[in-house]
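A structural walkthrough
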Amino acid sequence: MELNVHALTPRFAAEVTGVDVAQAGGNLAAALKQAWLDAGGLLVVRDQDIASDKHVAFSHRFGPLFGAPGEDPLQETVSIYIHPDHPEIYRVSNQVDSQGKPKGRKGAGTYWHSDVSFRERPAGASILSAKQLPDVGGDTIFCDQTSAYAALSEAMKTLLAPLHAVHDFAQAARTQYASAVVVDDDMAGANKALHPVVRRHAETGAKSLFVNPGFTSHIEGFHEGESAALLGFLYAHCTRPEFLYRHRWSPRDLIIWDNRATMHYAVMDYGDDQPRYLERTTVIGERPVA
Ligand code: SIN
């Protein structure tokens, strides 16, 4: 099926217009998935006024979803932000309802991270639908971990090849979630995993850096200072402008990003007088391999 696809960056982001994801049968869903893989990690689908149940149905085409009946839920700390009728939908919002209950997680993802990287099977795709946006601000920045890896010297690639890093929800709980209530269960085994520092994409075969400041606590086997220095170098390297795409949201944008090949950062530069509400599904990816 022919899609109307335009590149948004030379390497890893593209947009599609003229489709209705809510009506995506097998052919359209397969074409969108291929366009997303071909784009290199990020596909913006414009003008999707999509109901939550259709969002969930479309997302299932990318794999099993966190929160779906019988599947892993997201970490307990975010359970209050899950959609009451759709356990697969994680809500992001800076607003509260008339009873003072949050409509979603405020400040979600306001740090560089790859979704749920602290699980044995971290996220594959995340699919985020914009429902309400500030007049200006509230952009999301994405970073291309595949191009960042490719740009490293052969000597650095050789150093990184055998390394593994610990991804630990406690890392975020100490820093990014410091002001939120964190549930004890989240600090236990299920939210800590060891992954290769460089992973090979299960579908494209491309290699990407797979460490992120949000959840990666340290590189295994290194002294603390060595690990901090190497991670610090990698983070400065991947977030160089040439590896970034900053998305200025338009109403009804739906973004599909690949957590296996990108990191993202939600910019919270808007006030509570500017409502922002988005719904996200998160696909359970495969166990990362080097
Ligand atoms: C997230 O990390 O999923 C939130 C992204 C955003 O709100 O822009």
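Details of the structure are given in the entry above.
Residues numbered from 1 in each chain as written. Predicted model: local features only at pLDDT ≥ 70, side-chain atom pairs only at ≥ 80, totals over all residues. Heavy atoms only, no water.

**Side note on empty space enclosed by the protein**
In plain terms, the rule: Think of a 1 Å grid over just the protein atoms. A cavity is a set of points where a 1.4 Å probe fits yet cannot get out, a pocket is an open set with protein on both sides within 12 Å along at least five of seven lines, and lining residues have an atom within 4 Å of a point. Grid points are joined across faces, edges and corners, and a volume is the space filled by probe spheres set on the points. Ten residue types, Ala, Val, Leu, Ile, Met, Phe, Trp, Tyr, Cys and Pro, are classed as nonpolar, four, Asp, Glu, Lys and Arg, as charged, and the remainder, Gly among them, as polar.
Counted under the stated rule, the structure contains 2 cavities of 30 Å³ or more. Its volume calculated, the largest cavity comes out at about 270 Å³. The wall of the largest cavity is formed by 23 residues, among which Tyr90, Gly109, His113, Asp115 and Arg280 lie closest to the centre. A class-by-class count of the residues in the lining of the largest cavity yields 13 nonpolar, 6 polar and 4 charged.

**Concerning the environment of leucine 128**
As a reminder of what qualifies: Strands are runs of DSSP state E lasting at least two residues, helices are runs of H or I lasting at least four, and both sets are numbered from the N terminus onward.
Of note, leucine 128 is situated in strand 5 (residues 123–132). Distance from leucine 128 to isoleucine 255, taken between C-alpha atoms, is 5.3 Å for residues 127 residues apart in sequence.

**What to know about the site of the ligand**
Worth spelling out the cut-off: A cutoff of 4 Å decides nearness: a residue is near a molecule or strand if any of its heavy atoms lies inside that distance of it. Any N or O atom pair separated by 3.5 Å or less is treated as a polar contact, with the protein-specific requirement of one donor-capable and one acceptor-capable atom, and with residues adjacent in sequence counted only for side-chain atom pairs. Accessible surface is estimated by sampling points in the Shrake-Rupley manner with a 1.4 Å probe; for residues, cover comes only from the protein chains shown. In this scheme, a molecule is assigned to a cavity or pocket if more than half of its atoms are within 2 Å of the grid points.
Residues in close proximity to the ligand include Val92, Ala108, Gly109, His113, Leu128, Thr140, Trp257, His264, Ala266, Arg276 and Arg280, which together make up its full environment. Contacts to the ligand include arginine 276, whose side-chain N or O atom sits 2.8 Å from an oxygen atom. One nitrogen or oxygen atom from the side chain of arginine 280 is found 2.8 Å from an oxygen atom belonging to the ligand. For the ligand, the accessible surface in isolation is 260 Å², of which the surrounding protein chains cover 99%. The pocket occupied by the ligand, as judged from atoms lying within 2 Å of grid points, is the largest cavity.

**Topic: the sheet that holds strand 6 (residues 140–144)**
Whenever strands of a sheet pair, they do so through backbone hydrogen bonds, lying parallel or antiparallel. The line we're drawing: Being paired, for any two strands, means DSSP has found at least two bridges between them. Axis geometry follows a simple rule: fit a line to the C-alpha atoms, using only the stretch in contact for helices, then measure angles between N-to-C directions, giving values from 0 to 180 degrees.
The 3 strands lie next to each other as 12-6-14, forming an open sheet whose pairing is antiparallel. Among the strands making up the open sheet, the edge pair consists of strand 12 (244–247) and strand 14 (262–266). If you compare each strand with its neighbour and ignore which way they point, the axes differ by 20° on average. Across 4 bridges, the pairing between strand 6 and strand 12 is antiparallel. Within the sheet, the bridge partner assigned to isoleucine 141 lies in strand 12 and is arginine 246.

**Thoughts on the side chain of glutamine 274**
Test applied: Using a 1.4 Å probe on the protein chains alone, a residue whose accessible area is under 20% of its type maximum counts as buried, one over 50% counts as exposed, and one in between counts as partly exposed. Contacts are assigned to residue pairs that have any heavy atoms within 4.5 Å of one another.
Looking at where glutamine 274 falls in the secondary structure, it is placed in the loop between strand 14 and strand 15 (277–284). Residue glutamine 274 is classed as buried on the basis of its relative accessible area, which comes to 18%. Among the polar contacts made by the side chain of glutamine 274, one reaches the main-chain amide nitrogen of aspartate 135 at a distance of 2.7 Å. Apart from residues no more than four positions distant in its own chain, glutamine 274 is found in contact with Asn94, Gln95, Pro134, Asp135 and Val136.

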